[in-house]
Structure formats: structure tokens, C-alpha cells
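# Examination of the molecular architecture
What follows is each chain in one-letter form.
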Amino acid sequence: MPRVSQDHLDARRRQILDGSRVCFARYGYEGATVRRLEEATGLSRGAIFHHFRDKESLFLALAEEDAARMADVVAVQGLVQVMRDLLTAGSEHPADWLGTRLEVSRRLRTDPEFRGRWAERSQQLTAATRARLLRQREAGNLRDDVDVDVLTSYLELVLEGLVSHLAMGLPADDMDPVLDLVEESVRRHRVRASLES
């Protein structure tokens, strides 16, 4: 029997993740049955579960991939840019990412075992946000009257609020000024030298 190349295995895994992302976004975790996963990926259950132990492992792989992608954006541009990307129709997987994020939030509330598995993985975004804020503080761009951990929590809460706003189907076309305000609220305000002598 011929060996399957690593490139082929990687491509098959990518196909499973991409199809499953759409399926979870459309039907939610519970509604993403094995039959629907097969239809969305174009593969058999045997092929899907050859790469992933079970449906939860597949879902966690998607959530981890999203967290890693967000952490990459945060490292370079900050958490507010992640929020802006959510609002941009042209960004990669905005609706599908939102579906995954909402399912993570729901399962965190209702599934203690999932909460435990996710806790090990969820620190990536927090760590990236905190590191970015520390770099901004060292560069003199971040306000210094509030602890970095407090600012990190603040930005994460804003992200969760935006996700909830989008999940409710509320209009998002007026969010740019709100995100401008959020960004401005964490920046250091320089006192202008008085022109009067």
C-alpha cells in the first residue's frame, strides 16, 4: 500500500478544518452532526476522525486556530484591530470566526469539561494582548496610570461585548467611532506645553 505524503495529509486536514468551520458556524456545535460534517467537508466520517479524535477535538482545533490568528494580529496591531477585522466584510472568515467564538462562549458556560480543556488554550490571546500593551507602555504610547492587567481585561471585555453585539444581529456599521474611542482610552495623553510664558 503506498504511503500518503505529509503534504496530502496536511491538505486533507485543512479541508476538514475549512469545511467544519462553515458547518459549526451554520449549525452550532450541537447541530453540526457527523452527517453535516461529512457534507461540509466532502469526506467520510472515517477520514474526518482519522485526523481528529472526536467532534470536540475538531472544534477545539478550529477555536485554537482562531485564537492563534487573533494573537498574531494582536502582536503586530493590537486587540482593537482584531475587533476592526470582525467588522470588515472582506476579512478572512469573519462570520465563521464569529460562529466559532459564540460556540466557545456558550460551551464555556454550559460544559465544565470543555471549560477545563479550553482554559489550557485560551491564554494565548491574553498573553499576546498583555505583551503588546507592555511594549506600547515601554514606547511611551500607553497610559501609565492603569495597570496593564486591568487594560488587558478591559480590552477583552470590549471584544466580548462586540461579539455579543454582532451575535444579536445589531448594526455594526457605526462601530468604527466606538473602536476609535476604545483605542484612545488606552493611549497615553501627552500634556501640551503651554504657549503662555
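So, how was this worked out
Residues numbered from 1 in each chain as written. Predicted model: local features only at pLDDT ≥ 70, side-chain atom pairs only at ≥ 80, totals over all residues. Heavy atoms only, no water. Helix = DSSP H or I, 4+ residues; strand = E, 2+ residues; numbered from the N terminus. Buried < 20%, exposed > 50% of the residue type's maximum accessible area, 1.4 Å probe, protein only. Contact = heavy atoms within 4.5 Å. Areas by Shrake-Rupley, 256 points an atom, 1.4 Å probe, with all protein chains shown as cover. Core = buried A, V, L, I, M, F, W, Y, C linked by side-chain atoms within 4.5 Å. Axes fitted to C-alpha atoms, helices over the stretch in contact; angles between N-to-C directions. Parallel < 35°, antiparallel > 145°, perpendicular 65-115°, else oblique. Nonpolar A, V, L, I, M, F, W, Y, C, P; charged D, E, K, R; others polar. Phe/Tyr/Trp six-rings, centres within 6.5 Å; stacked < 30°, edge-to-face > 60°. pLDDT = per-residue confidence, 0-100. Expected span 1.5 Å × (residues − 1). Bend = angle between axes of the 7 residues up to and from the residue. Left-handed = near helix turned anticlockwise from the far one by under 90°. 1 Å grid on protein atoms, 1.4 Å probe; cavity = no way out; pocket = protein on both sides within 12 Å on 5 of 7 lines; lining within 4 Å. Points joined across faces, edges and corners; volume = space filled by probe spheres on them.

## Remarks on the overall build of the protein
What the protein contains, in helices and strands, is 10 helices and 0 strands. Sequence-ordered secondary structure for the protein, helices as α and strands as β, is α-α-α-α-α-α-α-α-α-α. Within the protein, the proportion of its 197 residues that are buried is 38%. Sequence separation of at least 24 residues holds for 71% of the intrachain contacts in the protein that already meet a minimum separation of 6. Approximately 11,600 Å² of the protein is accessible, and the part contributed by carbon and sulfur atoms is 52%.

## Comments concerning the nonpolar core
Ranked by internal contacts, the top residues of the largest apolar core, which has 26 residues, are Leu-79, Met-83, Leu-155 and Leu-159. For this core, the secondary-structure elements that each account for two or more residues are α4 (55-77), α5 (79-87), α8 (123-138), α9 (148-167) and α10 (176-186). Membership of the second largest hydrophobic core comes to 21 residues, among which are Leu-17, Cys-23, Tyr-29 and Ala-61.

## What to know about the packing of helix α1 (residues 6-31) against α4
At a closest axis distance of 10 Å, the pairing of α1 and α4 adopts a crossing angle of 100°. When the axis of α1 is compared with that of α4, the two are roughly perpendicular. Along its contact with α1, which presents Arg-13, Arg-14, Ile-16, Leu-17, Ser-20, Arg-21, Phe-24, Tyr-29 and Glu-30, the element α4 presents Lys-55, Glu-56, Leu-58, Phe-59, Ala-61, Leu-62, Glu-65, Asp-66 and Arg-69. Across the contact of α1 with α4, the residue classes tally to 8 nonpolar, 1 polar and 9 charged.

## Overview of the packing of aromatic side chains
Using the criterion set out here, one finds 5 aromatic pairs in the structure. Consider the rings of Tyr-29 and Phe-59, whose centres lie 5.5 Å apart with planes at 75°: the pair is edge-to-face. With Tyr-29 in helix α1 and Phe-59 in helix α4, this residue pair connects regions lying 30 residues apart in the sequence. In this structure, Tyr-29 and Phe-59 share a single accessibility class: buried. Between Phe-59 and Phe-114, the ring centres sit 6.0 Å apart and the planes meet at 50°, which makes this aromatic pair tilted. Taken as a pair, Phe-59 in helix α4 and Phe-114 in helix α7 (residues 112-119) lie far apart in primary sequence, 55 residues in all.

## Things to note about the confidence of the model for the protein
Of the residues in the protein, 90% reach a pLDDT of 70 or more, and the chain-wide mean stands at 85. For the stretch residues 193-197, pLDDT sits under 50, and the model shows 0 contacts to residues farther than four places along the chain or on other chains.

## Comments concerning α1
The end-to-end C-alpha separation of α1 is 31 Å, well short of the 38 Å expected for 26 residues at 1.5 Å each. The principal kink in α1, of about 80°, is found at Ala-25. Taken as a whole, α1 has its buried residues at Ile-16, Leu-17, Gly-19, Ser-20, Arg-21, Cys-23, Phe-24, Gly-28, Tyr-29 and Gly-31.

## Here we look at the side chain of Glu-56
Along the chain, Glu-56 falls in helix α4. Here Glu-56 is in contact with Tyr-29, Arg-107, Asp-111, Phe-114 and Arg-117, once residues within four sequence places are set aside.

## Some remarks on the packing of α8 against α9
Look at α8 against α9: their axes get within 9 Å of each other, and the N-to-C directions meet at 125°. Classed by the angle they form, the pair α8 and α9 counts as oblique. Of the two possible hands of crossing, α8 and α9 adopt the one that is right-handed. Contacts from Leu-125, Thr-126, Thr-129, Arg-130, Leu-133, Leu-134 and Arg-137 in α8 reach Val-148, Asp-149, Leu-151, Thr-152, Leu-155, Glu-156 and Leu-159 in α9.

## Topic: the layout of surface pockets
Computed from the structure, the largest pocket encloses a volume of approximately 340 Å³. Together, 18 residues line the largest pocket, and Arg-101, Trp-118, Ser-122, Leu-125 and Glu-160 are the ones closest to its centre. Those elements that place two or more of their residues in the lining of the largest pocket are α4, α6 (94-110), α8 and α9. By residue class, the composition of the lining of the largest pocket is 9 nonpolar, 5 polar and 4 charged. By volume, the second largest pocket amounts to about 240 Å³. What lines the second largest pocket is a set of 15 residues, and nearest its centre among them are Gln-77, Arg-132, Gln-136, Glu-183 and Val-186. Broken down by class, the residue content of the lining of the second largest pocket amounts to 6 nonpolar, 6 polar and 3 charged.

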